[in-house]
Amino acid sequence: MKTENLESVARKLVAPGKGILAADESSGTIEKRLKSINVPSTEENRRAYREVLFTTKGAGEFISGVILFDETIRQKTRDGRTFVEALEGQGIIPGIKVDKGAKAMANFPGEEYRQLGARFAKWRAVIAIGDKIPTRTCIAGNAEALARYAALCQDEDIVPIVEPEVLMDGTHTIERHFEVTEQTLETVFHALYEHRVVLEGMLLKPNMVLSGKECPQQASVQEVAEATVRCMKHVVPAAVPGLVFLSGGQSDQQATEHLNAMNQLPDLPWQLSFSYGRALQAPVLKAWKGDAANVSAAQQAFHHRAMCNSKARFGKYTEEMEAAKAA
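In this text the structure is predicted, and so the values were computed from the model without any measurement. (Residues numbered from 1 in each chain as written. Predicted model: local features only at pLDDT ≥ 70, side-chain atom pairs only at ≥ 80, totals over all residues. Heavy atoms only, no water.)

Draft legend 1. Structural context of the overall build of the chain. The helix and strand tally for the chain stands at 13 helices and eight strands. For 327 residues, the compact-globule formula gives about 20 Å, and the C-alpha radius of gyration of the chain, at 19 Å, lands near that figure. C-alpha extents for the chain along the principal axes are approximately 50 × 45 × 35 Å. For the chain, restricting intrachain contacts to residue pairs at least 6 apart in sequence, the fraction spanning at least 24 positions comes to 80%. (Helix = DSSP H or I, 4+ residues; strand = E, 2+ residues; numbered from the N terminus. Rg over C-alpha atoms; globule rule 2.2 N^0.38 Å. Contact = heavy atoms within 4.5 Å.)

Draft legend 2. Representation of helix H7 (residues 136–155) in the model. If you check H7, its first and last C-alpha atoms are 29 Å apart, about what 20 residues at 1.5 Å a residue would give, namely 28 Å. Among the residues of H7, those classed as buried are Ile139, Ala143, Leu146, Ala147, Tyr149, Ala150, Ala151, Cys153 and Gln154. Along its buried surface, H7 packs onto helix H1 (4–13), strand S4 (120–127), strand S5 (159–166) and helix H8 (174–194). Just beyond H7, the residue with positive phi is Asp157, at close to 65°. (Expected span 1.5 Å × (residues − 1). Buried < 20%, exposed > 50% of the residue type's maximum accessible area, 1.4 Å probe, protein only.)

Draft legend 3. Structural detail: the packing of H7 against H8. Interhelical geometry of H7 versus H8 gives an angle of 40° and a closest axis separation of 8 Å. In this view, H7 runs oblique relative to H8, as classed from their interaxial angle. Where H7 crosses over H8, the two elements pack in a sense that is right-handed. Within the contact between the two elements, H7 uses Arg136, Ile139, Ala140, Ala143, Glu144, Leu146, Ala147 and Ala150 and H8 uses Gln183, Thr184, Thr187, Val188, Ala191 and Leu192. (Axes fitted to C-alpha atoms, helices over the stretch in contact; angles between N-to-C directions. Parallel < 35°, antiparallel > 145°, perpendicular 65-115°, else oblique. Left-handed = near helix turned anticlockwise from the far one by under 90°.)

Draft legend 4. Structural context of the environment of Ala23. Summarising the element assignment, Ala23 is placed in the loop between strand S1 (19–22) and helix H2 (27–35). Taking C-alpha positions, Ala23 is 16 Å from Tyr113, a pair spaced 90 residues apart along the chain. Sequence-distant contacts of Ala23, that is, excluding residues within four places in its chain, are made with Arg50, Phe54, Val66, Ile67, Leu68, Phe69, Thr72 and Gln281.

Draft legend 5. Structural view of the pattern of salt bridges. Scanning all chains against the criterion turns up 15 salt bridges. For Glu25, the salt bridge is made with Arg50, and the minimal N-O distance between the two is 2.9 Å. Highlighted residues: Glu25 in the loop between S1 and H2 and Arg50 in helix H3 (residues 43–54), separated in sequence by 25 residues. The pair formed by Glu25 and Arg50 is uniform in burial state, with each residue classed as buried. Between Arg46 and Glu71 there is a salt bridge, and its shortest N-O distance comes to 2.8 Å. In this pair, Arg46 is assigned in helix H3 and Glu71 in helix H4 (residues 70–73), connecting sequence segments 25 residues apart. (Salt bridge = Lys/Arg side-chain N within 4 Å of Asp/Glu carboxyl O.)

Draft legend 6. Spatial organisation of empty space enclosed by the protein. This structure, assessed with the given rule, holds one cavity of 30 Å³ or more. Its volume calculated, the largest cavity comes out at about 40 Å³. Lining the largest cavity, in full, are Glu165, Val166, Leu167, Met168, His177, Asn207, Met208, Leu210, Leu246, Ser247, Gly248 and Gln250. Looking at side-chain class alone, the lining of the largest cavity contains six nonpolar, five polar and one charged residues. (1 Å grid on protein atoms, 1.4 Å probe; cavity = no way out; pocket = protein on both sides within 12 Å on 5 of 7 lines; lining within 4 Å. Points joined across faces, edges and corners; volume = space filled by probe spheres on them. Nonpolar A, V, L, I, M, F, W, Y, C, P; charged D, E, K, R; others polar.)

Draft legend 7. Focus on the pairing of strand S3 (residues 93–97). Most of S3 sits inside the fold, with five of its five residues counted as buried. Burial along S3 is two-sided: Ile93, Gly95 and Lys97 and Pro94 and Ile96, pointing in opposite directions, are all buried. Pairing between S3 and S4: three bridges, direction parallel. Bridged to Lys97 within S4 is Lys122. (Pairing = 2+ DSSP bridges.)

Draft legend 8. Layout of the layout of surface pockets. Size it by volume and the largest pocket reaches roughly 660 Å³. No other element matches H2, which puts three residues into the lining of the largest pocket. Residue composition of the lining of the largest pocket, grouped by class: six nonpolar, eight polar and 14 charged. Volume-wise, the second largest pocket comes out at about 250 Å³.

Right, dumping it as structure tokens:
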């Protein structure tokens, strides 16, 4: 298998100062997002909202790739360009989500998506922490599915983003989250090895190591950064070009602060980047409100959030930058 193209796309996706926008919400999730601003989830509203994101001028400076949903990769801008063309025009690489919610997709349609313009794909598996869970069987089953998908992607010349998310929901401590994340990733990389996945031609989309949402003892930004990087160093081979963290229920500012603190730590063997959905989109939705008159304000909000995360890629984000959006 020729892997030069896979390796080059994987490296471009984690180019210094850039990260990935996850705009791959399934129908149910996007409906919730739009409901939060009292906008009905019609195909046209979903299209209009995503056009706001994908046509933001200058986004390509901070955003390397966008993960699309099956409906979205087939949609067009108002002026008749496909979303894929609109993104490529900004130098942004289109990708596709291939899990349906947290379920597997039958008959992996890699070739079709490649023809539609996708150069990378993402599959999410979910691991919950609770009383006596996760079991080893649950972790192994998820790892196997992720590895199989990654191998299928590479066969189709598509870069797989492997996303085993250990949820932050629950009362668990940061130590417990570390333990389950470490065990999950160790199992995932063993399965990737068994399936002969080329590590240089893939990316990992892990959760950060955090205190459970309902845990009375919440870890500080510094503790999260140190625990996360220590955990990754234990189990993620240096051959993987980059880690694109998911935000997983953190606020937009928290997600940026944690990424920034990680990038200030020494001796990082990989690029530490982001693949955020809500943490890039929350301020955009708030500004847009479904009204065409607000498009420019919404695009400004997106540009600002992307810029803050770009700075965090270099460990150079400061809280003062949050005030800049008001200017």
